[in-house]
Amino acid sequence: MDYSILDFLSLLGAVGLFLYGMKVMSEGLQKAAGNRLRSILAVMTKNRFMGVITGIAITALIQSSSASTVMVVSFVNAGLMSLEQSMAVIFGANVGTTFTAWIVSIFGFKVNLSVVLLPLLAIAVPLLFLKKNQYKNIGEFLIGFVLLFYGLDFIQQNVPVLDANAFGVLQGYANMGFWSVLIFLTVGLVVTLVIQSSAATFAIVLVMATKGWIPFDMACAMVLGSNIGTTITPLLASLGANLAAKKAAVGHLLFNVLGTVWTLVAWYAFIPLIEWICIDVFSTPDPTLLYTKMSQGVKVSPHEMATLAFSISFGMSMFHTVFNLINLSVMIWFTKGYVKMVNHLVHSHHKKEDDEFQLKYISAGLLNAAELNITQAQREIVVYAERVERMLGMVKSLVHIKTGTSEFNKVYSRIGKYEDISDRMEIEIGKYLNNLVDGRLSYDAKLRVGTMLSIVSEIESIADSCNNIARTLVRKEEAGAHFVDYNYENIDQMLKLVGEAMSNMIAVLCDIDNATSDDLIRNYNKEREINNMRNMLRTENIENINQKKYPYQAGIFYMDIICEAEKLGDFIVNVIDGIETQIRRRERENSDEIVHNGEVVQTGIKS
């Protein structure tokens, strides 16, 4: 066998082209249908049967069970989907991934695509230069489709031609009875672990089988192993995620492992079943015939080779499909028990305290489907805002705690700790959003991420102002100044207005998709109320100092707190401005009006 390093590198390049084509094709579809995919997952998982259909449809659409499963893990991580719902979608995703196998086997071995790939590329490339993003995404999908099949073609061209010695070695491994099944299953698993694509493994195994290197049943064993290997991507994605996301990833692994176990138990009945379906039901040639002839040294004509190669590709696709359909048909009825099993296997060893830094919904590992991870970032921003709201509650209580006491020091220390956590959350969420922008996002999604970055910055400013009020209270005590009841009453009223504004802001953040003009107007009105009170108290403060109602120094600290509270209102309304921009961009077709700062502005918000 004359096979050089250059030939081997060419083979690796062909596999790389196949993987890249699949990636480009998948991302093009994700960008074209990102928002719709989020909506489908949110709406169509109300029961397990709809969840299965959703998993099948989305995986068939984006051509990647790993991407769709990572998407499910992301949604579980973001709290948008329960573990039981995620299991149904994962069951369906395993069936949906067989669609890729059928595309590769039919188009790669039955249809001569070489005559249409270049013309298809000629159509796809101009689409990339059109203004409309949807056309660009379609062009990207078509280019990925072309690259995928060029990669498959190059794999076929660059695999080595085995000599008698090499063929004899493979025959030896294939003739060890059930041990051969386990060996080839392990090889399929390891290959998929390395390249993280069961579709690429399927293509490689398909080429090996259609060259007559390995028997049909050993090729099926490698495909079976790839079903376990493909679970590595969601598992890696869940490493930095929350407990629910880890359970979803482990559920995916368990589904494929259990399916593999029963298939191995019934192996010597299952393979003849597949052969019967191919030969008697679909009238294709015997998928085992090519290897039999090659191992006996029988010469096969090019025409017969093409016919037998298609029978093998058809048989392997049928094996993959029947395996996953039977697995689904059994597992779907035991979803609740299956979830209990996963809960038993994956459980929390300790509970993190709320005062410790932790990101609840986002992690670096869940960036595989960048277009679909924006929802997670949105949920994390809500968590961030809720944490800062608790910080505001601490400030309200700190105002009435006697300075210098252990209780005051405890609350003041806790506020400082929350400020540190707030700074770190801003950095981590910002990094995550920047990583999303670095991914292959659509133009609209990039604009949305930009708005989210500004919202995160404003929320951090709210935390800073809360900390500033706490520090002002400490400085007041150090200066020996004392407030009278009038000061405390107005501070309480000001912080109450700020608290109401904060609650309104979080309510809108929690449900941006359904925000109305009334929701935003309520926040703008609250901000005006805060401004008016600040102006009134500033005037009264001068009069009160002149009338000796309280000392000048106390008045200075009093107004510092009032003005800092007014800044809180400004930061809150800045968040609302960001939300308004985001909604207006998404719903430009509407022409409702809202009033902002006394001016009428156009917005796309539904009233």
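Here, the structure is the one placed above.
Here the structure is a predicted model, which means the values were calculated and not measured.

Moving on to the overall build of the protein chain. On a plain count of helices and strands, the protein chain comes out with 23 helices and 2 strands. The buried share of the protein chain, reckoned over its 607 residues, is 52%. In the protein chain, the share of contacts with a sequence separation of at least 24, taken over all contacts with a separation of at least 6, comes to 79%.

With their axes 9 Å apart at the nearest point, helix α10 (residues 198-210) and helix α16 (residues 302-331) run at an angle of 140 degrees to one another. On the basis of the axis angle, α10 is oblique to α16. Every pair of crossing elements has a handedness; the one defined by α10 and α16 is right-handed. On the side of α10, the interface is formed by F202, V205, L206, A209 and T210, while α16 contributes M305, A309, I312, S313, M316 and S317. Class assignment for the residues of the contact of α10 with α16 results in 8 nonpolar, 3 polar and no charged.

Each α-helix turn comprises 3.6 residues. Residues three or four places apart therefore point the same way. Compared with an ideal rise of 1.5 Å per residue, which puts 15 residues at 21 Å, helix α14 (residues 267-281) spans 20 Å between its outermost C-alpha atoms and is within 8% of the ideal. Buried positions along α14 lie against α9 (178-195), α11 (216-229), α13 (243-265) and α16. Looking one or two residues beyond α14, the residue adopting positive phi is S283, at roughly 55 degrees.

Located in the positive-phi region is S283, a residue other than glycine, with phi close to 55 degrees. In this structure, K548 takes a positive phi of about 65 degrees despite not being glycine. Turning to its location among the elements, K548 is positioned in the loop between α22 (517-546) and α23 (552-586).

What follows covers the state of the cysteines. Counting across every chain of the model gives 0 disulfides. Summary of cysteine pairing: C220 is not part of a disulfide, and the nearest cysteine sulfur, belonging to C278, is at 8.5 Å.

Below, the discussion takes up empty space enclosed by the protein. It is a probe the size of a water molecule, rolled over the atoms, that shows where empty space is left. In total, this model carries 3 cavities of 30 Å³ or more according to the counting rule given. Taken as a whole, the largest cavity spans an internal volume of roughly 50 Å³. Taken together, T97, T100, A101, V104, S198, A199, F202 and H320 make up the full set of residues lining the largest cavity. If you list the elements that add at least two residues to the lining of the largest cavity, you get α5 (98-109) and α10.

Calculation notes
Residues numbered from 1 in each chain as written. Predicted model: local features only at pLDDT ≥ 70, side-chain atom pairs only at ≥ 80, totals over all residues. Heavy atoms only, no water. Helix = DSSP H or I, 4+ residues; strand = E, 2+ residues; numbered from the N terminus. Buried < 20%, exposed > 50% of the residue type's maximum accessible area, 1.4 Å probe, protein only. Contact = heavy atoms within 4.5 Å. Axes fitted to C-alpha atoms, helices over the stretch in contact; angles between N-to-C directions. Parallel < 35°, antiparallel > 145°, perpendicular 65-115°, else oblique. Left-handed = near helix turned anticlockwise from the far one by under 90°. Nonpolar A, V, L, I, M, F, W, Y, C, P; charged D, E, K, R; others polar. Expected span 1.5 Å × (residues − 1). Disulfide = S-S within 2.5 Å. 1 Å grid on protein atoms, 1.4 Å probe; cavity = no way out; pocket = protein on both sides within 12 Å on 5 of 7 lines; lining within 4 Å. Points joined across faces, edges and corners; volume = space filled by probe spheres on them.

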